[in-house]
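# Coordinate inspection notes
Here is what each chain is made of, one letter per residue.
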Amino acid sequence: MNTSKQTKTVFYIGAFLSFIISFIIFFKTMAPTLSFWDCGEFVASSYTLGVPHPPGTPMYILIGKFFMILGILSTPALNTNIISVLSSALTAMMAYLIIVKVSRKIIDTDKTQDNTFPLYGIFAGALSGSLIMAFSSTFWFNAVETEVYGLSMMIMAVITYMSLCWSENLHKAGNDKLLVGIAYILFLSISIHLTTFLLIPAIVAYIAFVDHSKLRDWRFWVSWGILFSFAMPVYIPIQLMFPALMNWQLETWFVLMLAFAAISGYKTFNARGKSRQAWGLYFAIMLAGIIGFTPHIYIPIRSIQKPAINENDPSNWPKLKSYLERKQYGQESMVTRMFTRRAKLSHQFGDYPHMGFWGYFKDQYSNDIWGMLRYLPFLIGLFGMYISLRKTFKNGFLLAAIFLISSLGLILYLNFADGTKVDHLEVRDRDYFFTPAFMYFAIIIGVGLSTLLANIPAWLNKRMAVAPTYLIWVAALIVTLLLPVDTLTHNYRTHDRTGDYAPYDYAYNILTSCDQDAILFTNGDNDTFPLWYIQEVENFRKDIRIVNLSLLNTDWYILQLKHEMNVPINLTDEQIIWEPFERQGQIQIYRPAEPYYDPYRKQNHYLVPFQDPKTRQVLRVQDQMIEHILLANKWKYPIYFSTSVPESNRARLDDYTLRQGMVLRIMPDKPKFKVDTERTEELLLEIYKYRGVDDLSVFKDENNVGLTSTYPERFINLSNFYVETGDTLSSKRILFESLKRFPLYYQTYIELITHYEIEGNTDSSQVFFDKAVESLKEAIEVWPEMTLYYQYLGEINYRVGKNEDALKIYQQAWELDPSSKISAYRLIYLYAANGQPQDGLNLLNHWLAEHPSDMYARQLSKIFRNQNR
């Protein structure tokens, strides 16, 4: 190895810088508490040693608890957030090591007499590539909150590096121990996240390419095939070749795994010579896989102890099997589903909101300072892929295959919905599923940069003197190191979670709205997990029983509400637990063993979805359970619905609701007034927390802005109630209080403008219009990618009759998010109002082509056609 002590020092400095720079940035931008979606559940599950949603993350939960016990930072949430910070920074360092290892094989520095310049070029390119990866949009987003992806990406990088080391030392004695280590880490990673298994097809092919003896050894294919299929029962190649295997049960794979391990062990101790050595390797691989899977023992053991969070109650084998197979999310095989496209391919591969791959990919690495060269990172990445495949095909194949599997493969496999067919548009951005693709392409970019920098001296020395060659090399070095700076500066403001207390405050405000010992119905994960966090971790308002309506459709959750959460439920267990019901020897449905008497419909029926004989509406299990809990409670405990629960999920109880801030209280009789003014004013003005909501320096995504708009809406509800009772002074007072706290919400301005128009005070009306425009234009200037701010500004202009201005603004909103019904419908109307019916019809036709099942748009189309005749 022709490497001086000096170059070794530079190599280690590069590795250290890749870690410490990314760590500092991640730590500086780390979330101060929890975030929306799964983060609250993971923090609470780690704190209580609970069982989170399927298929479980037992190792992550144990690591989270360990960091909480260490108490490095001041709160449990920070101690789990730091796991992502640390593991993501370590991933950046591993990316640096991978780039160096691959690039050195391409350049073959060991055979170069003077390899100082090439090595320095490789180290600089590797540092740049690793930091481009660290500060890429999706990777960074996951690196600053309590999520599984930081640890999962670190494991993927470690396994990739181990594979390269195994290849490099192929003929050294004992080298195959690395394959045993890979098998162990792979199966250990299942207890963190299954994403790591995307590596397997590429790793197996890589091993076979590098070591031809394994390519011809049937034991190699059988052992790894069993391991992968056990960990991933939906493994695509196996199911495509052998469709019957789709119906194999998890325990079938487990038996195969143990059987082959036993055979391998027997042969290991009875064979001789090379045969014994080969059998020993596969026995060790199988054993390592089995041992790596053992953290899953935590799931049933802990579930039996009934922790506060115990999703699916996987306390016995049938429940554990269903839990691991994610049956809660549907029975249909993902492979079966992928052959019925749920979206247009152009949307899945292109730039489409919430799910389009290219839309995420093009913005990962940013290019603000490059202007026309904004796609420079992609060009360098393509060069890196080309040169690695050409110069060292096996290593290039490994990186390229992982990238293609985690991009092209996942696009086809996950089959995200765009709302154009029977499915709704994905409810949130799905870029996190493609994190491995973005990570490995950044590594490939690093390979491209390293090879370019390493080759510049050799390329130019043939054509010019040493001095100009040196200057050009330094200039290229500066450009290379500026690339991650560009990525960092571009993504910093949208990934800095400093001051983001919205999820915590949302949970606090909801719980403080309820009286002692209340039963609170919430809608789904996003408005439930923060409540779980604040109750279990912060020990706040644990007297309140939270009932998640999406989980209320499952028997295990109803049983937990009944036996562990003291929610009034009079049904017997036999009337709740679903069992397979056989008809003519074939399992047709799952239903409880016994029916129950439904006093609302005065009939016996099972606790399963059914059609109401009077209304003809399908009653879900959750609808039936809401009714049952209300009757069983007998007004012993106060019952509330969270404000996020839509009317369709409130079991037709709106006539009995009383607004109290962020919640609706269910009353025994129809209340005379719909708003409890005294309690609501107290909550809105004195008790609720709104930290950072009005601060434009704090980043809020569309979800945060949309969710926190419920605050000013509650002020407006109260104001409108005062209008109905003739108290216009109180109505305006409440609106002024709302503007103090939420100066960016359009409807508050519209309400005040309406007040002053009614009074004939046009000057004051104009003042509030100007103030609204000024505030929203400032918001758009700071956050030009936020569609909601454009829509707010458009509505203000539309309200005062400035249709031309409203049209221009809504066109901008439409360009930002062409999936938005709000923008589409308003634009169609504005085109008609501005004397541009053909433009409106063109947009309507375009919308219908994208959303053919939109019945409202079909009705609009008929109206337009009739008007244009």
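See the structure printed just above.
Described below are features of the structure shown in this document. Because the structure is predicted, anything quoted here is derived from the model rather than measured. (Residues numbered from 1 in each chain as written. Predicted model: local features only at pLDDT ≥ 70, side-chain atom pairs only at ≥ 80, totals over all residues. Heavy atoms only, no water.)

### Focus on the nonpolar core
Which entries qualify depends on this criterion: Residues grouped as a nonpolar core are buried Ala, Val, Leu, Ile, Met, Phe, Trp, Tyr and Cys residues, joined through side-chain atoms within 4.5 Å. Burial classes: relative accessible area under 20% of the type maximum marks a residue as buried, over 50% as exposed, and values in between as partly exposed (1.4 Å probe, protein chains only). Residue contacts follow a heavy-atom distance rule, with two residues in contact if any of their heavy atoms lie within 4.5 Å.
Judged by nonpolar contacts, the single largest core of 142 residues is most densely connected at Phe26, Trp224, Ile285 and Tyr365. With residues up to four places along the chain from it excluded, the contact list for Trp224 reads Leu179, Ile182, Ala183, Leu186, Val204 and Ile285. Judged by nonpolar contacts, the second largest core, of 71 residues, contains Leu511, Tyr533, Leu552 and Tyr690.

### What about the sheet that holds strand 2 (residues 545-548)?
Quick note on the threshold: Only strands that DSSP links by at least two bridges are regarded as paired with each other. Helix numbers and strand numbers start at the N terminus; a helix is a DSSP run of H or I with at least 4 residues, a strand a run of E with at least 2. An axis is simply a line fitted to the C-alpha atoms; with a helix, the fit covers only the stretch in contact. Between two such axes, the angle follows the N-to-C directions and lies from 0 to 180 degrees.
Pairing in this open sheet of five strands is mixed, and the strands run 2-1-9-11-10 from one edge to the other. The strands lining the two open edges of the sheet, one partner per strand, are strand 2 and strand 10 (657-660). Adjacent strand axes in the sheet meet at a mean angle of 30 degrees, parallel and antiparallel pairs treated alike. Note: strand 10 against strand 11 (residues 663-666), four bridges, orientation antiparallel. Opposite Thr657, over in strand 11, you have Ile666 as the bridge partner.

### Looking at the pairing of strand 11
Inspection of the sheet shows strand 9 (residues 639-642) paired to strand 11 by three bridges, in the antiparallel sense. Residue pairing in the sheet places Ser642 in a bridge with Val663 of strand 11. In this structure, the hairpin formed by strand 10 and strand 11 is closed by a connection of two residues, where Gly661 is found at a positive phi of approximately 65 degrees.

### Describing the pairing of strand 1 (residues 519-522)
Defined as follows: Orienting the strands away from the viewer, one traces the path from the first strand over the helix to the second; a clockwise path indicates a right-handed crossover.
Burial of the side chains of strand 1 extends over both faces: Ile519 and Phe521 are buried on one face and Leu520 and Thr522 on the other. The pairing of strand 1 with strand 2 spans four bridges and is parallel. Bridged to Ile519 within strand 2 is Arg545. As a crossover connection, the stretch from strand 1 through helix 25 (residues 525-536) into strand 2 is right-handed. Strand direction decides the pairing type here: strand 1 and strand 9, joined by three bridges, are parallel. Each residue of the ladder has a partner; that of Phe521, found in strand 9, is Phe641.

### Overview of the pattern of salt bridges
Stated precisely, the cut-off is as follows: Counted as salt bridges are all cases of a side-chain nitrogen of Lys or Arg within 4 Å of a carboxyl oxygen of Asp or Glu.
This structure, assessed with the given rule, holds 30 salt bridges. Asp543 is the salt-bridge partner of Arg541, the closest N and O atoms lying 2.9 Å from each other. Among the residues examined, Asp543 registers a relative accessible area of 16% and is labelled buried. The partner of Arg601 in a salt bridge is Asp612, and the shortest N-O contact between them spans 2.8 Å. Here Arg601 is found in the loop between strand 5 (596-598) and strand 6 (603-605), whereas its partner Asp612 is found in the loop between strand 7 (610-611) and strand 8 (618-619), with 11 residues between them in sequence. For the pair Arg601 and Asp612, one class covers both residues: buried. Look at the salt bridges and you will find they share partners, linking Asp598, Arg601, Asp612, Glu627 and Arg652 into a network.

### Looking at helix 33 (residues 762-782)
Stated formally: What a helix should span is 1.5 Å times the count of its residues minus one.
Given a rise of 1.5 Å per residue, 21 residues ought to cover 30 Å, and the 30 Å separating the end C-alpha atoms of helix 33 matches this to within 8%. Taken residue by residue, helix 33 has Ser764, Ser765, Phe768, Phe769, Ala772, Val773, Ser775, Leu776, Ala779 and Ile780 as its buried positions. Close packing links the buried residues of helix 33 with helix 31 (728-741), helix 32 (746-759) and helix 34 (787-799).

### A closer look at a negative patch on the surface
Put simply, the test is: Residues form patches when they are more than 30% accessible in relative terms and have no salt bridge. Like charges link within 9 Å. Nonpolar side chains (Val, Leu, Ile, Met, Phe, Trp, Tyr) link within 5 Å. Here the Shrake-Rupley method, with its probe set to 1.4 Å, supplies the accessible areas, and only the displayed protein chains count as covering residues. Asp and Glu count as negative and Lys and Arg as positive, but His and the ends of the chain are not part of the count. Think of each charge as sitting on NZ of Lys, CZ of Arg, CG of Asp or CD of Glu.
Taken together, Asp770, Glu774, Glu778 and Glu781 make up a surface patch of like negative charges. One can find Glu778 in helix 33. Relative accessible area serves as the criterion here: at 44%, Glu778 is assigned to the partly exposed category.

### Thoughts on a nonpolar patch on the surface
Together, Leu345, Phe349, Leu404 and Leu408 make up an exposed nonpolar region whose accessible area comes to about 330 Å². Elements with a minimum of two residues in the nonpolar patch: helix 18 (345-349) and helix 21 (393-414). Secondary-structure assignment places Leu404 in helix 21. The exposure class of Leu404 is partly exposed, given its relative accessible area of 44%.

### Here's the deal with unusual backbone geometry
Residue Pro54 is joined to Pro55 through a cis peptide bond whose omega torsion reads 0 degrees. Residue placement: Pro55 occurs in the loop between helix 2 (39-48) and helix 3 (58-70). Even without glycine at this site, Leu49 takes up a positive phi of about 50 degrees. Note on Leu49: relative accessible area 24%, which makes it partly exposed. Backbone geometry places Lys634, a non-glycine residue, at a positive phi of 55 degrees. Note that Lys634 resides in the loop between helix 27 (621-633) and strand 9. Given the relative accessible area of 67%, Lys634 is considered exposed.

### Overview of the layout of surface pockets
Sizing a probe to match a water molecule and rolling it over the atoms shows the empty space that remains. Defined as follows: Throughout, the protein atoms alone are placed on a 1 Å grid, and a set of points is a cavity if a 1.4 Å probe fits but cannot get out or a pocket if it is open with protein on both sides within 12 Å along at least five of seven lines; lining residues have an atom within 4 Å of a point. Grid points are joined across faces, edges and corners, and a volume is the space filled by probe spheres set on the points.
In this structure, the second largest pocket spans a volume of roughly 550 Å³. Asp176, Lys214, Gln277, Ala278 and Leu281 are the residues nearest the centre of the second largest pocket, which is lined by 20 residues in total. If you list the elements that add at least two residues to the lining of the second largest pocket, you get helix 8 (177-189), helix 10 (212-215) and helix 14 (273-292). Element by element, the count of residues in the lining of the second largest pocket is highest for helix 14, at six residues.

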